[in-house]
Amino acid sequence: MVKPGIIYHKNTRGIEGFFTEEEMAKSGILKTPFCHAIHYGTSVFEGIRAIPDKNTKELYIMTFDKHINRFMNSMEYLVLTKPKDMGKVAEDLKFSHLDEMLRRGIKIEKPNPETLKFLNMTEEGISYAIMENIRRNIRAGSYKAEDGCYIRPIAYRDDKFDEEGNHGPSLGVFSLNHDVVFEIESFYWGSYVDTPKTAVYPEGVDTPLRHVKAGANYGFGGRTKNWAKINGFDEAILTDTAQERNVLEGSGENIFVFTKYGEILTPHMSQSILPGTKRNLVIQIAKNLGMKVTERKIPLEEFFDAGAAAFSGTATGFEPISCVYDPKTNKFKVFNLKCPQMQELVEEYKNLLTGDKVHEVNEELQRESRTKVAIY
Ligand code: PMP
């Protein structure tokens, strides 16, 4: 077994620092059975990779600012951090019946703001904690810089603790008076899926939560992944609930389609998909290379008609899909792994990430997508 590394932990009870698992146990960083996130999915996270440069072997975090940005948005969406517009919410929603309710003797009582708990986070603070977590783990020998690492920041609603440190049971769905935890783990993680065989999950999904990197999404997403694996496939393709079953994404990846007419398609951001950091990167790389990428709905039938398809994601990379099966229609399709447009993109994507030579048009994008981890 790989030994667990050093974990950064910060909570709204005033504990903050870098700990081994044993130190966490000793410091009273208690995991209780009443952790809100376990029951109600009140967690958000990020999946980040640091990749060694092919030549210098120095470690670079990919699309760092995009991850931090998405993490801040996810925390705000689940109200783990103080919403910027908390005071404005009622106004914005125009609760115009409030006066009428008061006239009828129904009193509206808002929770006492003093009892609400929020994580106090800044982008700089998160970035520093991630960098320091990597440095400490490398120093402690959890993994080697030249192998690269996967970084998992997570924030969640914990149990409800009082001043003396006593906790729950507290199982109401309302979570804003529960403590909040922010943690970072980093570890070595090889490739996630290799030229995956995919199957289309029979039930569609449509929810605004899929725009957020929330733990709760992986209830459904995890079900589709397990369903695919149980049936001998590597990954599930998710569709929406429309009759055309528009393709959305994989359980942990965004998706790109290469049509027989030389078009590159990817679902539109307004659909129920995660705004992938690598989706964005692939679109920019392709556009710089003079390829046209159209963001629009892709009916399942059109997906089956495509020449090639690929997944994008931090854990996955930009990875061609080998085939797709749809149990609902019993249709099966083998994609062309040699599609020249896709191959060019796969090559450029890999070179961009590993600091290798890219086309001149992508040199600036390469520079701005990589943040060096200073090891000292
Ligand atoms: N969709 C889902 C559901 C995911 O879990 C992921 C992985 N984070 C992605 C898309 C790809 O996102 P990213 O490119 O930021 O890794």
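Provided above is the structure to which this section pertains.
Reference entry: report on the structure contained in this document. (Residues numbered from 1 in each chain as written. Predicted model: local features only at pLDDT ≥ 70, side-chain atom pairs only at ≥ 80, totals over all residues. Heavy atoms only, no water.)

### Some thoughts on the pairing of strand E7 (residues 180-187)
So the rule is basically this: Think of it in three bands: with a 1.4 Å probe and only protein chains considered, a residue is buried below 20% of the maximum accessible area for its type, exposed above 50%, and partly exposed in between. Each helix is a run of H or I in the DSSP string that is no shorter than four residues. Each strand is a run of E no shorter than two, and both are numbered from the N terminus. Only strands that DSSP links by at least two bridges are regarded as paired with each other.
Of all the eight residues making up E7, six are buried; the element is thus mostly covered by neighbouring parts of the structure. Here strand E1 (residues 7-11) pairs with E7 via four bridges, running antiparallel. Counted as the bridge partner of Lys10 is Phe182 from E7. Sheet topology note: the strand E6 (residues 149-157)/E7 ladder contains eight bridges and is antiparallel. Residue pairing in the sheet places Arg157 in a bridge with Val180 of E7.

### Some thoughts on the site of the ligand
Spelled out, the test is: The near set for a molecule or strand comprises every residue that places at least one heavy atom within 4 Å of it. Pairs of N or O atoms are called polar contacts if they sit within 3.5 Å, as long as, within protein, a hydrogen donor faces a hydrogen acceptor (for residues adjacent in sequence, only side-chain-to-side-chain pairs). All accessibility values rest on the Shrake-Rupley procedure with a 1.4 Å probe; residue burial counts only the protein chains present in the view. Residue type decides the class: Asp, Glu, Lys and Arg count as charged, Ala, Val, Leu, Ile, Met, Phe, Trp, Tyr, Cys and Pro as nonpolar, and the leftover types, Gly among them, as polar.
The full set close to the ligand counts 16 residues, and Lys213, Tyr218, Glu249, Thr277 and Thr314 are the nearest of them. Between the ligand and Lys278 there is a distance of 2.9 Å, counted from an oxygen atom to a backbone nitrogen or oxygen. Thr314 is positioned such that a nitrogen or oxygen atom in its side chain is 2.7 Å from an oxygen atom of the ligand. Look at the ligand: alone it shows 390 Å² of surface, and the protein chains cover 94% of it. The residue inventory of the shell around the ligand, partitioned by class, reads two nonpolar, eight polar and six charged.

### Brief notes about the sheet that holds strand E8 (residues 197-200)
So the rule is basically this: A fitted line through C-alpha atoms serves as each axis, taken over the contacting stretch for helices, and the angle formed by two N-to-C directions is quoted from 0 to 180°. Residue contacts are counted whenever heavy atoms from the two residues lie within 4.5 Å of one another.
Here five strands make up an open sheet; going across it, the order is E10-E9-E8-E16-E17 and the pairing mixed. The open sheet has two edge strands with one neighbour each: strand E10 (247-250) and strand E17 (331-334). Mean inter-strand twist for the sheet, computed between neighbouring axes without regard to direction, equals 25 degrees. Relative to strand E16 (residues 323-326), E8 is paired through three bridges, and the arrangement is parallel. Among the inter-strand pairings, Thr198 is bridged to a residue of E16, identified as Val324. Strands E8 and strand E9 (235-239) of the sheet are contacted by helix H7 (residues 217-230), whose axis makes an angle of about 130 degrees with E9.

### So, helix H10 (residues 340-354)
The cut-off we apply is this: Here a helix's expected span is defined as the number of its residues, less one, multiplied by 1.5 Å.
Given a rise of 1.5 Å per residue, 15 residues ought to cover 21 Å, and the 21 Å separating the end C-alpha atoms of H10 matches this to within 8%. Looking one or two residues past H10, Gly355 carries a phi angle of roughly 75 degrees, positive in sign.

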